[in-house]
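Commentary on secondary and tertiary structure
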Amino acid sequence: MLKAIELEKAYNPQHFEDAIYRRWQESGAFKPSGNGEPFTIVIPPPNVTGVLHLGHGLNNSLQDIIIRFHRMRGERTLWVPGTDHAGIATQNVVEKKLRAKGVMRRDLGREKFIEETWKVTNEHHEIISRQLTRIGASVDWSRERFTLDDGLSRAVREVFVTLYERDLLYKGNYLVNWCCSCGTALSDDEVDHEDTPGKMYHIRYPVVGGGFIELATTRPETMLGDTAVAVHPADERYRDLVGKKVILPLVNREIPVVADAYVDREFGTGVVKITPAHDPNDWELAKRHDLPVINILTPDGRLNGEVPEKYRGMTVLEGREAALADLKDGGFFIKDEEITHAVGHCYRCHTVIEPFLSEQWFVRMKPLAEKALASWRRGELVFYPRKWENTYEHWLSNIRDWCVSRQLWWGHRIPAWNCQDCGKTSVSRTDVSACPHCGSARVEQDPDVLDTWFSSWLWPFSTLGWEKISDYPADGENDLGRHYPTSALVTAYDIIFFWVARMIMAGLEFTGKAPFRDIYIHGLIRDKKGRKMSKSLGNGLDPLELVDEFGADALKFTLAFMCAQGQDLLVDRESFRLGSKFANKVWNASRYILMNLEGRNYTANPALLPVDRWIYSRLNGAAKYITDAFLSYRFNDAAGKAYEYFWNDFCDWYVEATKLSMKNGGGAEKDRAVTVLLDVLAESLRLLHPLLPFVTEEIYGQLPVECKQNKAGGPSGDGSSGGLLIGAAYPRYDEKRRDDKGEERFAFLQDIVRQIRTLRSECTITPDKRLDCNVKAGGEKAAFLGENTELVRLLAGLGNLAVEEPEEKTGAGKGAEKADAAKAIVLAGQDYEARVYIAEAVDMKALAEKFRRNLERDRKYVASLEAKIANPNFVKNAPPELVLDEKQKLAEAKERTGTVEAYLKSLV
């Protein structure tokens, strides 16, 4: 005997989400288990410098959905959590805190500064862990990693030394991207190029022997480091100047005129100044022509001792103003003109980047890139969506060597030692106390640290214990053997260069295998105006505030519902009401079912009515569609189908249909109906769980144990024996459940009911007024409707429902139908006609007048929409989603107009 189960009247996720997460964690549900195929994801490690933003909320929500889905399919599922030490970002945070106290980094010294940084790191790590818990991330916390933990540090050193041994790592003086604020070199990928207003300055350089040559530059202060001017070898204007010399203004130094095909004859005057130490193109040209290289900047961005004394110590901008003033005084300045040009900025502190000559460590990337391209071409890597493969190929085909050294204190210190006596450098897996070349004890470790991404590119295999590979048994019974290569990577497109491609290169170089197969690249979250969310715009959304207001399920479901492949997500706070309303619908539908169990008996193998076979067929089809969507990372399609199935098929139709048995059936029929209803609910909760984990787990825990074992309603058992939903089996498609004919027949009934419900709404007829209806349909449809008249009467709010076969209309019959027109409205469907008698419920004349007014209004609305969509400027300039929205409005307006026209035709 079943008992009524009382869920709280109002859906309130704050009352159960924390407790459910603890239950999952304490039960070991997040750990890999069983003997199924492994499915592994390593989390893109968030920087340990702050709190998670909504972009993290999206990324981790999508990973959680996929992990839960594969876990429920019986796979040995592992989701590895962790955080990144974020060298520059974290050091910036700590230095800012110290400056607020009047303390500078160098006042503390390296050791004390690192101690302070660890304190900040630990504080933020706790915040990030709590955030991931709140949003429901089902990560295996026992395997959590940090890019500076002992194991990953050993892996980093092993990789550095191995690259050096393979001649894939070298040190040299090269032009690098230099951030004067952070005081460190940056890789090309860490520079953000932004269109910035500026000026092009035209300047005269005197030619030795007489005359002038005109050139243009955006940075006149760098002329202090010029070592040549260049022209194109085929430029007839300057052919006689090649090989001569010009006098460098302000410095009074003679420099040569060289010919090089790099020069664009069409740009400016066709003459360019060459400053090898402060422009990457000039650096390459200088190497070709064996020109001297003069660095005019200090590491903090001031002019150094290589420039005339009056400019020394000035900042770049101060030097620019001083140089311009002197050029004007000397008669060298011609003019300036306003321009907009791309200027590189530090991706962390947003300071303008200076090309800077410096000794740095570099990784030779071309040999690694060739392996990564070959792996992709062999089909070992699949991007979702496929368009990102073009980006991947282009970047790897044009890759430059990677500057991996950073002039910081926080990070992996470079394992290289310089001898003060013989001058040689030793790269070693272990700390060096004496120079292996000369034996001197006067050795010092390189003060620089490695780029943050140097540890991150090892993440898929270093997190699984690669640094201890020699300690493992050969049978693969360890995390690396079981879970590497991983299965999928879920990440945003803004780090495809920083991280994705490099992980592939590292995986192939050090394990011989690509680190994952599936690469799902999702869009970025933007506000409703399409702008990136940022503090400066004040349009950011805190995922935890959204969880507090709407619940973790609302956050996860809404983001999945809106996450279409290849598109950014445009959201605001109100967007998350979608997920909240859906979770609330699941709660209320389940509450209704559970509160009506009192006195009922759960029966074995209940007989199925046509409506029961229909819902199982719909559930079966939804399971297949959602499974296919999850396997191809179509999150919005999966969420959309889940919403459609549960809200429409299950709640609006099936639950309503079961009220017939509960209202009119005897005890046995009520028991049968309750049994099937509970079984369908249990399986539906399993279907929804990856998208709405908390609310489905809470409700599932309240279900009678019998329906969790799924003894009725189909072959898809979960084997959970009353356990947690997180470990139950995901519904699988079963051809035996497929009932195309039953779905077609039920769609016929649904169409009749929908049309009558729409008529009620348009005529403002209240539910308590029962309407009579006469339906003419042929063959099987008439028979099926005849068998289900009570169901249609219930769903459509009808009094009498008569079913007739269509017949030849005689003159008398036509007269009778005409007489009926004063009382009824005719609804036409596919192969049927329904005559609904409404005269006793409404004033027919007033109704006709209302329809005429509405029709006139709607026709004007349709005309305005058609004109808007026909306007080529609107279609060209409006966002695609807005154009699509207007087209959808037009289709709906035309449909509504057609409906009202049909109503009026019946009334005339």
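From a predicted model like this one, the values you see are computed outputs, not experimental measurements. By convention here, each chain's residues receive numbers from 1 onward along its written sequence. Residues qualify for local features only when their pLDDT is at least 70, as the model is predicted, and side-chain atom pairs are given and counted only at 80 or more; totals for whole chains, interfaces and linings, by contrast, use all residues. Remark: hydrogens and water are excluded; side-chain values derive from all non-hydrogen atoms of the structure.

Quick word on the sheet that holds strand β14 (residues 354-363)
Hydrogen bonds between backbone groups are what pair the strands of a sheet, and the pairing can be parallel or antiparallel. In this scheme, strands are said to pair when DSSP sees at least two bridges between them. Numbering of helices and strands runs from the N terminus; a helix is a DSSP stretch of H or I covering at least four residues, while a strand is a stretch of E covering at least two. If you trace the 4 strands from one edge of the open sheet to the other, you get β6-β5-β14-β16, paired in antiparallel fashion. Here the strands that pair on one side only, and so sit at the sheet edges, are β6 (184-186) and β16 (402-403). Direction of pairing for β14 relative to β16: antiparallel, over a ladder of 2 bridges. Counted as the bridge partner of Phe362 is Cys403 from β16.

Some remarks on the side chain of Arg591
You can see Arg591 is positioned in helix α17 (residues 577-595). Within the local environment of Arg591, its side chain forms a polar contact with the backbone oxygen of Leu7, the two atoms lying 3.2 Å apart. Whenever two N or O atoms come within 3.5 Å, that pair is a polar contact, provided that in protein one can donate a hydrogen and the other can accept it, and provided that, for residues adjacent in sequence, both atoms are side-chain atoms.

Brief notes about the packing of aromatic side chains
Any Phe, Tyr or Trp ring, taking Trp's six-membered ring, that has another such ring centre within 6.5 Å forms a pair; planes under 30 degrees apart are called stacked, those over 60 apart edge-to-face, and the others tilted. Tallying each qualifying case throughout the model produces 40 aromatic pairs. Ring geometry for Trp24 against Phe694: centres 5.0 Å apart, planes inclined by 35 degrees, an arrangement best described as tilted. Separated by 670 residues along the polypeptide, Trp24 in helix α1 (residues 17-26) and Phe694 in helix α21 (residues 693-700) bring together distant segments of the chain. To sit over a ring, a charge needs its Lys NZ or Arg CZ within 6 Å of the ring centre and within 35 degrees of the ring normal. Above the ring of Trp24, the side-chain terminus of Arg68 is found at 4.3 Å from the ring centroid. Stacked on the ring of Phe333, the Lys or Arg Lys328 has its end atom at 4.9 Å from the ring centre.

With respect to the environment of Arg859
Take Arg859: it is sitting in helix α27 (residues 844-870). Using a relative accessible area of 46% as the deciding quantity, one classes Arg859 as partly exposed. Spatially, the C-alpha atom of Arg859 lies 77 Å from that of Asp240, the residues being 619 residues apart in sequence. Not counting residues within four places of it along the chain, the set of residues in contact with Arg859 comprises Thr897 and Glu901. Partly exposed describes any residue whose relative accessible area lies between the buried limit of under 20% and the exposed limit of over 50%, with all areas from a 1.4 Å probe on protein chains only and scaled to the type maximum. Contacts between residues were defined by any pair of non-hydrogen atoms, one from each residue, lying within 4.5 Å.

Focus on the nonpolar core
Throughout, nonpolar core names a set of buried Ala, Val, Leu, Ile, Met, Phe, Trp, Tyr and Cys residues whose side chains join them through atoms within 4.5 Å. The biggest cluster of nonpolar side chains holds 213 residues, and the ones touching the most others in it are Leu396, Phe454, Trp457, Met505, Phe650 and Ile838. Counting residues per element, this core draws most heavily on helix α19 (residues 635-664), which supplies 12 residues. Apart from residues lying up to four places away in sequence, Met505 is in contact with Met365, Leu368, Ala369, Ala372, Trp395, Leu396, Ile399 and Trp457. Core analysis: the next-biggest nonpolar cluster, separate from the first, contains 20 residues, Leu215, Val257, Leu327 and Phe332 among them.

A few points about the sheet that holds strand β15 (residues 382-384)
Spatially, 3 strands are ordered β15-β23-β22 in an open sheet, and the strand pairing comes out parallel. Looking along the sheet, the strands with just one partner apiece sit at the ends: β15 and β22 (488-492). The average angle at which neighbouring strand axes cross in this sheet is 20 degrees, direction not considered. Think of each axis as a best-fit line through the C-alpha atoms, taken over the contacting stretch in the case of a helix, with angles from 0 to 180 degrees between the N-to-C directions. Contacts from helix α2 (residues 54-72) reach β22 and β23 (518-522) within the one sheet, and its direction differs from that of β22 by about 160 degrees.

A closer look at helix α9 (residues 366-377)
In this model, α9 (12 residues) spans 16 Å end to end at C-alpha, consistent with the 16 Å of a helix rising 1.5 Å per residue. Residues of α9 that are buried include every one of Leu368, Ala369, Ala372, Leu373, Ser375 and Trp376, and no others. Looking down the long axis of α9, one finds its buried residues gathered within 160 degrees of arc, a one-sided arrangement. Facing away from the buried surface of α9 by more than 90 degrees, the exposed residues are Lys366 and Arg377. In the segment just after α9, Gly379 is the residue with positive phi, at about 85 degrees. Expected helix span is computed as 1.5 Å times (number of residues minus one). To obtain the arc, one takes the directions from the helix axis to the C-beta atoms.

Remarks on helix α8 (residues 316-329)
Between its first and last C-alpha, α8 extends 20 Å over 14 residues, near the 20 Å set by a 1.5 Å rise per residue. Among the residues of α8, Val316, Gly319, Arg320, Ala322, Ala323, Leu324, Asp326 and Leu327 are the ones counted as buried. The positive-phi residue at the C-terminal boundary of α8 is Gly331, with phi of around 80 degrees.

So, the confidence of the model for the protein chain
Confidence of the predictor in every single residue is expressed as pLDDT, which spans 0 to 100. For the protein chain, per-residue confidence averages 89 on the pLDDT scale, and 95% of positions sit at 70 or higher. Confidence, read as mean pLDDT per element, is least for helix α26 (residues 811-820) in the protein chain (45) and greatest for α21 (98). Ignoring residues within four places in sequence, the model shows residues 470-475, a span with pLDDT below 50, making 5 contacts including any to other chains.

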